[in-house]
Amino acid sequence: MTRQLGPTEVKRLNRSWRRGTQANISLLLESVSQPFNLGSIIRTAAAFGVEQVWLCGEAADPMHPAARKTALGTARFLTFRPVASPAQAAAEIRQAGLKLVAVELTEGAVPLHEAAVCGDVCLALGHEDRGCSAALLALADLVAYIPLVGRVGSLNVAAAAAIALAEARRREWVQGDQEHTPKEG
């Protein structure tokens, strides 16, 4: 019979995944203006081991009450770096040794599952309606998109961030080919 894991078992399982996780994955959020979206991204980023988040453009404040409520206290696990422009962010990202991958629907973008998002990478996501700016896209090392097959043309930015972060970690874990199965008992 299958049962949910208890709190101690969940901590043990998560610890086993952390041991096999070494890549530095960061985020660049350009003009993600809705606090609830930012809070959701913060919580997901903390869950996937992101440490650094660059904020530029008209980004919401991570300390906004709605962002804090949605993030459920996970902002304490992240460092936020407000920057004046995508160019400043890109310079700092490259100085940190990260590849800059924009997640956007553009001509020439590659499907996320085929994109080089493994290793040390910074995933860039843009405004809820407008997406990443032309300036940011011009600075990206690569642009990737999330293939959709339904009758909806795009995703909420927080959902897109979750999918991109999960794919970046999945790539790392597949390369490590590790066993992470909860033990019974």
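The structure presented is a predicted model; accordingly, all values stated were derived computationally and were not measured.

> Where do I start with a positive patch on the surface in this structure?
Taken together, Lys11, Arg12, Arg15, Arg18 and Arg19 make up a surface patch of like positive charges. We classify Arg12 as partly exposed; its relative accessible area is 48%.

> Sorry if this is basic, but what is going on with unusual backbone geometry here?
A negative phi angle is the norm for most residues apart from glycine, just as the trans form is the norm for most peptide bonds. Despite not being glycine, Ser31 shows a phi value in the positive range, around 55 degrees. Along the polypeptide, Ser31 turns up in the loop between strand 1 (25-30) and helix 2 (35-47). Overall, Ser31 belongs to the buried group, its relative accessible area being 10%. One non-glycine residue, Leu72, lies in positive phi territory at about 50 degrees. Structurally, Leu72 is set in the loop between helix 3 (65-71) and strand 3 (79-82). Leu72 gets classed as exposed once you look at its relative accessible area, which sits at 54%.

> When you look at the confidence of the model for the chain in this model, what are you seeing that I'm missing?
Low pLDDT marks stretches whose predicted atomic positions should not be read closely. In the predicted model, the chain carries a mean pLDDT of 93, and the fraction of residues at 70 or more is 95%. Predicted confidence is poor over residues 180-185, with pLDDT under 50, and the contacts of this stretch with residues over four places away or in other chains come to eight contacts.

Definitions and cut-offs
Residues numbered from 1 in each chain as written. Predicted model: local features only at pLDDT ≥ 70, side-chain atom pairs only at ≥ 80, totals over all residues. Heavy atoms only, no water. Patch = residues over 30% accessible without salt bridge, like charges linked within 9 Å, V, L, I, M, F, W, Y side chains within 5 Å. Areas by Shrake-Rupley, 256 points an atom, 1.4 Å probe, with all protein chains shown as cover. Salt bridge = Lys/Arg side-chain N within 4 Å of Asp/Glu carboxyl O. Lys, Arg positive; Asp, Glu negative; His and termini not counted. Charge placed at Lys NZ, Arg CZ, Asp CG, Glu CD. Buried < 20%, exposed > 50% of the residue type's maximum accessible area, 1.4 Å probe, protein only. Helix = DSSP H or I, 4+ residues; strand = E, 2+ residues; numbered from the N terminus. pLDDT = per-residue confidence, 0-100. Contact = heavy atoms within 4.5 Å.

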